[in-house]
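So you can see what is in the structure, the chains are spelled out below.
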Amino acid sequence: RGSDGAGHERGAFAHPRAAGSRRRAANASGMHDLPLSPDDRGTLLRVVRTQPPRDRLLAELVFGHGVGLADALTVKAEEIAWGEDRVKLCAHTGRSPRRTVTVDREPVEAVLGERRFGPLFATLSGVPIRPDYAARLLARVAEEAGVPSGLSVKRVRGAKRVVASR
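Model, not experiment: these values are computed from the prediction.

Definitions and cut-offs
Residues numbered from 1 in each chain as written. Predicted model: local features only at pLDDT ≥ 70, side-chain atom pairs only at ≥ 80, totals over all residues. Heavy atoms only, no water. Helix = DSSP H or I, 4+ residues; strand = E, 2+ residues; numbered from the N terminus. Contact = heavy atoms within 4.5 Å. Pairing = 2+ DSSP bridges. Axes fitted to C-alpha atoms, helices over the stretch in contact; angles between N-to-C directions. Salt bridge = Lys/Arg side-chain N within 4 Å of Asp/Glu carboxyl O. Buried < 20%, exposed > 50% of the residue type's maximum accessible area, 1.4 Å probe, protein only.

Visitor: Teacher, can you tell me more about the overall build of the chain here?
Guide: Summing up its helical and strand segments, the chain has 5 helices and 7 strands in all. Sequence-ordered secondary structure for the chain, helices as α and strands as β, is β-β-α-α-α-β-β-β-α-α-β-β. Considering only residue pairs separated by 6 or more positions, the chain has 49% of its internal contacts joining residues 24 or more positions apart.

Visitor: Any chance you could explain the environment of leucine 57 here in plain terms?
Guide: As for its position among the elements, leucine 57 is in helix H2 (residues 53-64). Separated by 50 residues in the primary sequence, leucine 57 and proline 107 place their C-alpha atoms 6.4 Å from one another. When sequence neighbours within four positions are dropped, the list of residues in contact with leucine 57 reads Leu89, Val103, Val108, Val111, Leu120 and Phe121.

Visitor: So what exactly am I meant to see when it comes to the sheet that holds strand E3 (residues 81-82) here?
Guide: What links the strands of a sheet is backbone hydrogen bonding, and the strands pair in either a parallel or an antiparallel sense. The strand order across the open sheet built from 3 strands is E3-E4-E5, with neighbouring strands paired in antiparallel fashion. Of all strands in the sheet, those bounded by a partner on one side alone are E3 and strand E5 (99-104). When strand E4 (residues 86-91) meets E5, the two strands line up antiparallel, connected through 6 bridges. The residue of E5 that forms the bridge with arginine 86 is aspartate 104. Running over the sheet, H2 touches E4 and E5 and is turned about 135 degrees from E5. Strands E3, E4 and E5 of the sheet are contacted by helix H4 (residues 105-112), whose axis makes an angle of about 95 degrees with E5.

Visitor: Any chance you could explain the pattern of salt bridges here in plain terms?
Guide: Scanning the model with the defined rule gives 10 salt bridges in all. Arginine 49 serves as the salt-bridge partner of aspartate 104, at 3.8 Å between the closest nitrogen and oxygen. Placement of the pair is aspartate 104 in strand E5 and arginine 49 in the loop between helix H1 (38-47) and H2, with a sequence separation of 55 residues. Residue classification places arginine 49 among the partly exposed residues on the basis of a relative accessible area of 46%. Here arginine 56 makes a salt bridge to glutamate 106, at a shortest N to O gap of 3.9 Å. Taken together, the positions of arginine 56 in helix H2 and glutamate 106 in helix H4 put the pair 50 residues apart, joining distant regions of the chain. The exposure class of arginine 56 is buried, given its relative accessible area of 9%. Among the charged side chains, a salt-bridge network with shared partners connects Arg49, Arg56, Arg86, Asp104 and Glu106.

These values are about where atoms sit, not about what they do.
Structure, rendered in structure tokens:
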């Protein structure tokens, strides 16, 4: 037993954090680790405008808005708030209930077509695209722009793959 420094008694089992975990910064929920410099990011976003709508939209979310790749893949068509020229997309992050991002309407309509349900980033049959495929897609787009993407696809235990930031 002891005090936590604020005058509160800690019991034998009280443990504010799991062993080995670090305390998060006070503003951590609003921070995004963008792997690109501002110049590289600007170059990539200019080049990506010539890419197909799905590639353009995914790159804009990840590199332009700082949404994590796994979070970007959680956007659902039925949760899109449609505006005249722009739309709000809702990404479900692991740390908070959701994060909204406003983007141009045109690429979202091109990606969805007539579909208004299911994942935004999906095949024509509605099957969600895999994170490893999306990471390769973003790495290819960044390579075409001549900038480092900061993404890699790592093999884990045979066929399972995981997306990692470098």
